[in-house]
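Listed here are the chains, written in short residue letters.
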Amino acid sequence: MLEIRFHGRGGQGAVVASELLAQAAFLDGKRPQSFPFFGVERRGAPVTAYCRIDDREVRLRTSITRPDIVVVLEPGLLRAGSAMEGLKPDGILLVNSREEPAALPAPAGVRRASVDATTIALTHGLGTPMMPIVNTAILGALAAASGAVSLGALEQAIDRFVPAHPAENRAAARDGAAAVRVAPPLTAGHSRGASSAVARAPPLELPDAPMAVASSATIATAAWRTLRPEIDQRRCTRCNFCWKFCPDVAIELNAEGFPVVHLEHCKGCGICAAECPPGAIAMVAEG
Amino acid sequence: MTQIVMSGNSAQSYAALLARVQVIAAYPITPQTTIVEKLAEFVANGRLAAQYLQVESEHSALQSVVSASALGARTYTATSSQGLLLMHEVLHWASGLRVPVVMGVVNRAVAPPWSIGADHADTIAQRDTGWIQFYAESNQEVLDTVLEAYRIAEDPAVRLPAMVTEDAFYLSHTVEPVDVPSAETVDAFLPAREVRAILVPGVPARLGSFTGPIEYVGFRRDVARAMERVLPTLAAVEEDYARRTGRDHGGPLPTYRTEDADAVLLTMGTATTTARAVIDALREEGHRVGLAKLRVFRPFPVEAVRALAASVDRIGVLDRSFTFGPTGAAAMEVRSALYDASPRPLVSDFVAGIGGRDITPEAITRMFALLEGPEPPELTWIDLAAPEASADG
Ligand code: SF4
Ligand code: SF4
């Protein structure tokens, strides 16, 4: 049985990627199973999806803690460290990244692969520069780098189950397959970055009243952000709309009544920009 | 028959489509929403000729289908967790009015703290409302059971509402291959509802109005009698379904490798699949262990539990909820069923997987270690410590 774990952010298509992989595996004659884990259902929040592929019916209904393959849709998620948790020593790490695979951190023995799925997606008009839809490009790369599914089955699955732009998505999968690069595994002693050990969290100190655990003031959601709001004060009319609408209370008004974004609490959802009447807020990509 | 890779939620929607339901009431709640979304798609595409009612709350959703069902329509609605709790009052109305409403429920933890994870507390809290309750293990079982539930609920001997439940995410959002029977097969198995309308348009009548104590007792007793007829009806319906589709889910308490077992674990829902794999592994090591899947919680299969108990020494019960009794709900029912059994097996309860906590093979192995150990505790909370690994920060 092959176990594959996807890491993405809400809105990037990790769940759809895992489901498409399952559909492709089924077309290859396999018995697949795929399901997502949502921490919080919000755009930008980390999302994990699991896919199992076997020759016979899958008899596990649990999340994947020792994956054969880890697929990371956004390189920022590698920094959080948990993406590689439990990855088998002879496993594969595939990252959507412009970087050469040899530059990717990984434990010894792991085959590292990278593909610039963002550029491929944008070339085919999938998503926007702010929110590219990279799942089909990275699935093509996965098929080529791992053989988990055949590229033919993947294209067929895209044709059947991707409602919008199937031709473009098929082309993106083919490009992903052609563009993926694989680096040889690092030897012991040269491994870098996050370890694949399964972390054991310390025992929880549970508060008596679960309602009082936290508030927006204490939760820093900045790690979710791929875009940041930038306010053009010359166009701002001080209407306060952004301050009212920000779901994470990340905006405060200064003494003159101008909005100021507290980036440590801003998750980059873009609601402020969408609500600003004069269009004074631009969402710009994080560097 | 075609095989489609689909989610448990889609299996609910496909079953409602195949049952040719006439009225659907929809109110969204995670992780149920994709069920009614898919049904909206079927209705919009003209694949299903149903009235699709968008209502303002779960309470209204259930009330709408109860009323439509009283007029003779075959109906469907679905909910989860807090939504089911809001329906509580109308759940009693549905069984008391004897309307054969079928509802999909995605088992999700109840707040607080807020959670969208799998947990049976939402439906266990409705065990006393006069509804038939099925707990499904796989997406295939979801689809097949919804179709069977219509036949049972509408049977003149029963006429009770039924809920078919599935674990949040572990089924609701899990895609896996499902055999979808053809429309002809289902039409032959489940013809249009025989109209025994309780209410008839144009004929003024009242339902559920004020009753004195003498009649009231009779009405309640009637519901209890109808409940008693559910399991015999299920047996006949399953036999017919198996004849037409080749699939038989094994009644209210199917067993696995129990023939010579000393210790048996009783599970509900998706934990069953993982437990089966664990039992195979333990058998390899020489443990005489087996499994019983509690597929129907209401009516509780007392006779089947007694039959199982006749051949085993120890029964472990995996409760995926805790509702603040002396043990979990399933363990209480098992103990009650076995009070007069002789010899009486030991019953040990494991509360596991609540709030969406993974029920891992290791956790089930631990349950068997306790169950086969020198002194199996009456109640154990499994995995009470910190999470093993959080998926992301
Ligand atoms: S993008 Fe705007 S609305 Fe969204 S969290 Fe940041 S400041 Fe608030
Ligand atoms: S919504 Fe736009 S105009 Fe209004 S206060 Fe915010 S930035 Fe200024």
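Q: Teacher, can you tell me more about the overall build of chain A here?
A: A tally of helices and strands in chain A yields eight helices and eleven strands. When each of the 287 residues of chain A is scored for burial, the buried share is 48%. Pairs at least 24 apart in sequence give 63% of the contacts found in chain A among residues at least 6 apart. Taken as a whole, chain A presents about 13300 Å² of accessible surface, with 56% of it coming from carbon and sulfur.

Q: Any chance you could explain the overall build of chain B here in plain terms?
A: Summing up its helical and strand segments, chain B has 14 helices and 15 strands in all. Relative to its length of 393 residues, chain B is compact, with a C-alpha radius of gyration of 21 Å against a globular reference of 21 Å. For chain B, the C-alpha atoms occupy an extent of roughly 70 × 55 × 45 Å along the three principal directions. Put simply, 81% of the contacts in chain B that link residues at least 6 apart link residues at least 24 apart. In the form shown here, chain B has an accessible surface area of approximately 15200 Å², with 54% of it arising from carbon and sulfur atoms. A gap of 6 Å separates the mean positions of the 33 positive and 48 negative side-chain charges of chain B.

Q: When you look at the packing of aromatic side chains in this model, what are you seeing that I'm missing?
A: Residues and elements named next belong to chain A. Tallying each qualifying case throughout the model produces nine aromatic pairs over all chains. For the pair Phe35 and Tyr50, a centre-to-centre distance of 5.1 Å together with 40 degrees between the ring planes defines the contact as tilted. With Phe35 in strand E2 (residues 31-38) and Tyr50 in strand E3 (residues 46-54), this residue pair connects regions lying 15 residues apart in the sequence. Classification of Tyr50 as buried rests on a relative accessible area of 5%.

Q: Whenever I open this one, the sheet that holds strand E3 (residues 51-54) of chain B confuses me. Can you help?
A: Remark on secondary structure: sheet strands pair via backbone hydrogen bonds, oriented parallel or antiparallel. Residue and element names in this part refer to chain B. The seven strands are arranged E3-E2-E4-E5-E7-E6-E12 in an open sheet whose pairing can be described as mixed. Edge positions in the sheet fall to E3 and strand E12 (296-298), since each of these pairs with one other strand and no more. The mean inter-strand angle of the sheet, taken between neighbouring strand axes irrespective of direction, is 20 degrees. Contacting strand E2 (23-26), E3, strand E4 (75-80), strand E5 (102-107) and strand E7 (162-167), helix H2 (residues 33-44) runs over the sheet at an angle of about 135 degrees to E3. Contacts from helix H7 (residues 139-154) reach E4, E5, strand E6 (132-135) and E7, with the element oriented near 170 degrees to E7.

Q: Please explain the nonpolar core as it appears in this structure.
A: Note on soluble globular proteins: their nonpolar side chains tend to be buried together. B:Ile132, B:Leu143 and B:Leu147 are the most contacted members of the largest nonpolar core, which totals 56 residues. If you tally residues by element for this core, the top one is H7(B), at eight residues. Residues within four places of B:Ile132 in sequence aside, it is in contact with B:Ile152, B:Val158, B:Leu160, B:Pro161, B:Ala162, B:Met163, B:Met227, B:Val230, B:Arg298 and B:Pro299. The next biggest cluster of nonpolar side chains, apart from the first, holds 46 residues, and it includes A:Phe26, A:Ile69, A:Val71 and A:Ala121.

Q: Where do I start with the site of ligand 1 in this structure?
A: Around ligand 1, a shell composed of A:Pro229, A:Cys246, A:Pro247, A:Ile251, A:Val261, A:Cys266, A:Lys267, A:Gly268, A:Cys269, A:Gly270, A:Cys272 and A:Met283 is seen. A breakdown of the residues in the shell around ligand 1 according to their chemical character gives nine nonpolar, two polar and one charged.

Q: It is not clear to me how the packing of helix H12 (residues 302-309) of chain B against helix H13 (residues 329-338) of chain B should be interpreted in this structure. Could you clarify?
A: When two helices pack together, their arrangement is given by the angle between their axes and by how far apart the axes lie. Residue and element names in this part refer to chain B. Relative to each other, H12 and H13 sit at 75 degrees, their axes nearing to 9 Å. Taken together, the axes of H12 and H13 lie roughly perpendicular to each other. Contact residues: H12 offers Val302, Val305, Arg306 and Ala309, while H13 offers Val334, Ala337 and Leu338. Residue composition of the contact of H12 with H13, by class: six nonpolar, no polar and one charged.

Q: Quick question: what am I supposed to make of the sheet that holds strand E10 (residues 263-267) of chain B here?
A: Residue and element names in this part refer to chain B. Reading across from one edge, E9-E11-E10-E13-E14-E15 is the order of the six strands in this open sheet, with mixed pairing throughout. Bordering the open sheet on either side are strand E9 (255-256) and strand E15 (379-381), each of which pairs with just one other strand. Judged from the five bridges that link them, E10 and strand E11 (residues 289-293) form a sheet pairing that is parallel. Its bridge partner lying in E11, Thr267 is registered against Lys293.

Q: Explain H7(B) here, please?
A: Quick reminder: α-helices carry 3.6 residues per turn. Residues three or four places apart thus point the same way. Its 16 residues place the ends of H7(B) 23 Å apart at the C-alpha level, agreeing with the 22 Å of an ideal helix rising 1.5 Å per residue. Of all 16 residues that make up H7(B), 15 are buried, and the element is covered over most of its length.

Q: Hey, could you run me through H2(B) in this one?
A: Residues and elements named next belong to chain B. Helix length check: H2 (twelve residues) gives 16 Å between terminal C-alpha atoms against 16 Å at 1.5 Å per residue, within 8%. Burial in H2 covers these residues: Thr33, Ile35, Val36, Leu39 and Phe42. At its buried positions, H2 is contacted by helix H1 (8-18), E2, E3, E4, E5 and E7. Gly46 sits one or two residues past H2 and shows a positive phi near 80 degrees.

Q: Which parts of the structure should I look at to understand the site of ligand 2?
A: Close contacts around ligand 2 come from 13 residues, with A:Cys236, A:Cys239, A:Asn240, A:Cys242 and A:Cys276 the closest. Residues of the shell around ligand 2, tallied by class, amount to ten nonpolar, two polar and one charged.

Q: In this structure, what is going on with the packing of helix H1 (residues 14-27) of chain A against helix H4 (residues 135-146) of chain A? I would like to understand it.
A: Residue and element names in this part refer to chain A. Put simply, H1 and H4 touch, their axes get as near as 9 Å, and they point 45 degrees apart. Considering the angle they form, H1 stands oblique to H4. Read as a crossing pair, H1 and H4 show a hand that is right-handed. Judged by residue contacts, Val16, Ala17, Leu20 and Leu21 of H1 engage Asn135, Thr136, Leu139 and Leu142 from H4. The class makeup of the residues in the contact of H1 with H4 is six nonpolar, two polar and no charged.

Q: What should I look at first to understand unusual backbone geometry in this one?
A: Only a minority of non-glycine residues have a phi that is not negative, and only a minority of peptide bonds are not trans. Between B:Thr30 and B:Pro31 the backbone carries a cis peptide bond, its omega angle lying at 0 degrees. Following the sequence through the fold, B:Pro31 ends up in the loop between E2 and H2. Omega for the bond connecting B:Ala111 with B:Pro112 falls within 30 degrees of zero, at -5 degrees, which places this linkage in the cis form. Structurally, the position occupied by B:Pro112 is in the loop between E5 and helix H6 (121-124). Residue A:Val249 is not a glycine yet carries a positive backbone phi of 50 degrees. Of note, A:Val249 is situated in the loop between helix H7 (241-245) and strand E9 (251-253). Take A:Val249: its relative accessible area is 57%, and that puts it in the exposed class. Even without being glycine, B:Arg257 reaches a positive phi, approximately 55 degrees.

So, how was this worked out
- Residues numbered from 1 in each chain as written.
- Chains lettered and ligands numbered in written order.
- Predicted model: local features only at pLDDT ≥ 70, side-chain atom pairs only at ≥ 80, totals over all residues.
- Heavy atoms only, no water.
- Helix = DSSP H or I, 4+ residues; strand = E, 2+ residues; numbered from the N terminus.
- Buried < 20%, exposed > 50% of the residue type's maximum accessible area, 1.4 Å probe, protein only.
- Contact = heavy atoms within 4.5 Å.
- Areas by Shrake-Rupley, 256 points an atom, 1.4 Å probe, with all protein chains shown as cover.
- Rg over C-alpha atoms; globule rule 2.2 N^0.38 Å.
- Lys, Arg positive; Asp, Glu negative; His and termini not counted.
- Charge placed at Lys NZ, Arg CZ, Asp CG, Glu CD.
- Phe/Tyr/Trp six-rings, centres within 6.5 Å; stacked < 30°, edge-to-face > 60°.
- Pairing = 2+ DSSP bridges.
- Axes fitted to C-alpha atoms, helices over the stretch in contact; angles between N-to-C directions.
- Core = buried A, V, L, I, M, F, W, Y, C linked by side-chain atoms within 4.5 Å.
- Near = heavy atom within 4 Å.
- Nonpolar A, V, L, I, M, F, W, Y, C, P; charged D, E, K, R; others polar.
- Parallel < 35°, antiparallel > 145°, perpendicular 65-115°, else oblique.
- Expected span 1.5 Å × (residues − 1).
- Left-handed = near helix turned anticlockwise from the far one by under 90°.

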